[in-house]
Amino acid sequence: MLQDVHLAFKDNEVLKGISLSVQEGQSVTLIGPSGSGKSTLLRCINQLAKISSGKVFFDGQEITKSTDINQLRTRIGMVFQHFNLFPHMTVLGNVTEAPVQVLKLPAVQAREQAMELLRRVGLDDKSNAFPAQLSGGQKQRVAIARCLAMKPRVLLLDEITSALDPELVGEVLAVIRELAHQGMTMILVTHEMQFAKEVSDKVVFMDGGLIVEQGTPDEIFQNPKNQRLRKFLRAVIDQVAE
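Residues numbered from 1 in each chain as written. Predicted model: local features only at pLDDT ≥ 70, side-chain atom pairs only at ≥ 80, totals over all residues. Heavy atoms only, no water.

Undergrad: It is not clear to me how helix α4 (residues 107-120) should be interpreted in this structure. Could you clarify?
TA: The first and last C-alpha atoms of α4 sit 20 Å apart over 14 residues, in line with the 20 Å expected at 1.5 Å per residue. Along α4, the positions that sit buried rather than exposed are A110, Q113, A114, M115, L117 and L118. Packed against the buried residues of α4 are α3 (91-101) and α5 (136-148). Among the residues trailing α4, G122 stands out with phi positive, at a value near 75 degrees. (Helix = DSSP H or I, 4+ residues; strand = E, 2+ residues; numbered from the N terminus. Expected span 1.5 Å × (residues − 1). Buried < 20%, exposed > 50% of the residue type's maximum accessible area, 1.4 Å probe, protein only. Contact = heavy atoms within 4.5 Å.)

And the structure:
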């Protein structure tokens, strides 16, 4: 999917040659310290960030120079850390807006699809509520339903629990866990190491704009080879223990 991707903001090189493959149906989790380039990498995939050099492929085609970015983003969905819901729309309105406006889905069909998605994330009883009436965990689940309403081939998840109170994290992770079991192709950035162990087919450790090590959850968490990765995992485990 990514081939020798570089990205620099003036003199600051954020990504320093990233090559990464993701197979259909895989859950790939990016871990690493803050500032390592994880979120930037996600943004390069759906072209929210313009790469300096390298190539990005999707469905076997290079999309790095795609002129139809909006069409690309209907196939590569992204859920952000801070929800980005439309505050003036109900939950149902948030989930139906893009399918009606972008995919030209009939309103009745969009509503039926939205209600089914809200059932999947456990919020069908909140369809007429507004975002201001929801908890952070509920807002994030609506954001996931809204993304799924576009029927993306790939789902990008950018630290979607980091803005939540700890007691709300579990309800969001449960939705992602279910999507993984259903075979949704996903690339996640998370600081939830236990969750990364459970849900990932591949875990990628980034540091300083580079992929330092990648492998199965067992390889990364049980038998890390790189000293920097071992140090990172020790620090994370110590922080959790506190």
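Don't stop here, the text continues.
Undergrad: So what exactly am I meant to see when it comes to helix α6 (residues 166-181) here?
TA: Every α-helix winds through 3.6 residues per turn, so residues three or four apart in the chain are directed the same way. Between the first and last C-alpha of α6 there are 24 Å, a value that for 16 residues agrees with the 22 Å anticipated at 1.5 Å per step. The set of residues buried in α6 consists of L168, V169, V172, L173, V175, I176, L179 and A180. One side of α6 holds all its buried residues, which, seen down the axis, span an arc of 150 degrees. Among the exposed residues of α6, those oriented more than 90 degrees off its buried face are E167 and H181. Of the surrounding secondary structure, the elements contacted by the buried residues of α6 are β3 (27-31), α4, α5, β7 (154-158), β8 (185-189) and α7 (193-199). Looking one or two places after α6, you find G183, whose phi comes out positive at around 90 degrees. (Arc of directions from axis to C-beta.)

Undergrad: Sorry, what's going on with the packing of aromatic side chains here?
TA: Within a pair of aromatic rings, the relevant descriptors are the distance that separates the centres and the angle that separates the planes. Using the criterion set out here, one finds one aromatic pair in the structure. For the pair F205 and F232, a centre-to-centre distance of 5.3 Å together with 40 degrees between the ring planes defines the contact as tilted. Of this pair, F205 sits in strand β9 (residues 202-207) while F232 sits in helix α9 (residues 227-241); the two residues are 27 residues apart in sequence, bridging distant segments of the chain. (Phe/Tyr/Trp six-rings, centres within 6.5 Å; stacked < 30°, edge-to-face > 60°.)

Undergrad: Where do I start with empty space enclosed by the protein in this structure?
TA: Over the atoms, a rolling probe the size of a water molecule traces out where space has been left empty. Scanning the entire structure with this criterion turns up one cavity of 30 Å³ or more. Estimates place the volume of the largest cavity at around 60 Å³. Surrounding the largest cavity, L157, E159, I160, T161, L173, I176, L188, V189, T190 and F195 form its lining. Those elements giving two or more residues to the lining of the largest cavity turn out to be α6 and β8. The residue makeup of the lining of the largest cavity, split by class, is seven nonpolar, two polar and one charged. (1 Å grid on protein atoms, 1.4 Å probe; cavity = no way out; pocket = protein on both sides within 12 Å on 5 of 7 lines; lining within 4 Å. Points joined across faces, edges and corners; volume = space filled by probe spheres on them. Nonpolar A, V, L, I, M, F, W, Y, C, P; charged D, E, K, R; others polar.)

Undergrad: Help me out: how do you make sense of the sheet that holds β8 in this one?
TA: Strand pairing in a sheet is mediated by backbone hydrogen bonds. Such pairs are either parallel or antiparallel. Pairing is mixed across the open sheet formed by six strands, whose spatial order is β6-β7-β8-β3-β9-β10. The open sheet is flanked by β6 (76-79) and β10 (210-215), the only strands paired with a single partner. Ignoring which end each strand starts from, the neighbouring axes of this sheet average 20 degrees apart. Where β7 meets β8, five bridges bridge the pair, whose relative direction is parallel. Following the sheet pairing, V154 is matched in β8 by T185. Together, β3, β7 and β8 form the strand contacts of α6, whose direction differs from that of β8 by roughly 145 degrees. (Pairing = 2+ DSSP bridges. Axes fitted to C-alpha atoms, helices over the stretch in contact; angles between N-to-C directions.)

Undergrad: Mind showing me how you'd approach unusual backbone geometry here?
TA: As a rule of thumb, non-glycine residues mostly have phi less than zero, and peptide bonds are mostly trans rather than cis. Even without a glycine there, the phi angle at D4 is positive, about 50 degrees. Locating D4 in the fold gives a position in strand β1 (residues 2-9).

Undergrad: Quick question: what am I supposed to make of the packing of α5 against α6 here?
TA: Geometry of a packed helix pair, given as the angle between the helix axes and the separation of the axes. Put simply, α5 and α6 touch, their axes get as near as 8 Å, and they point 20 degrees apart. When the axis of α5 is compared with that of α6, the two are roughly parallel. Crossing of α5 against α6: the hand is right-handed. Contacts between α5 and α6 pair G136, G137, Q138, Q140, R141, I144 and L148 from the former with L168, E171, V172, V175, I176 and L179 from the latter. (Parallel < 35°, antiparallel > 145°, perpendicular 65-115°, else oblique. Left-handed = near helix turned anticlockwise from the far one by under 90°.)

These figures come from the coordinates and say nothing about function on their own.
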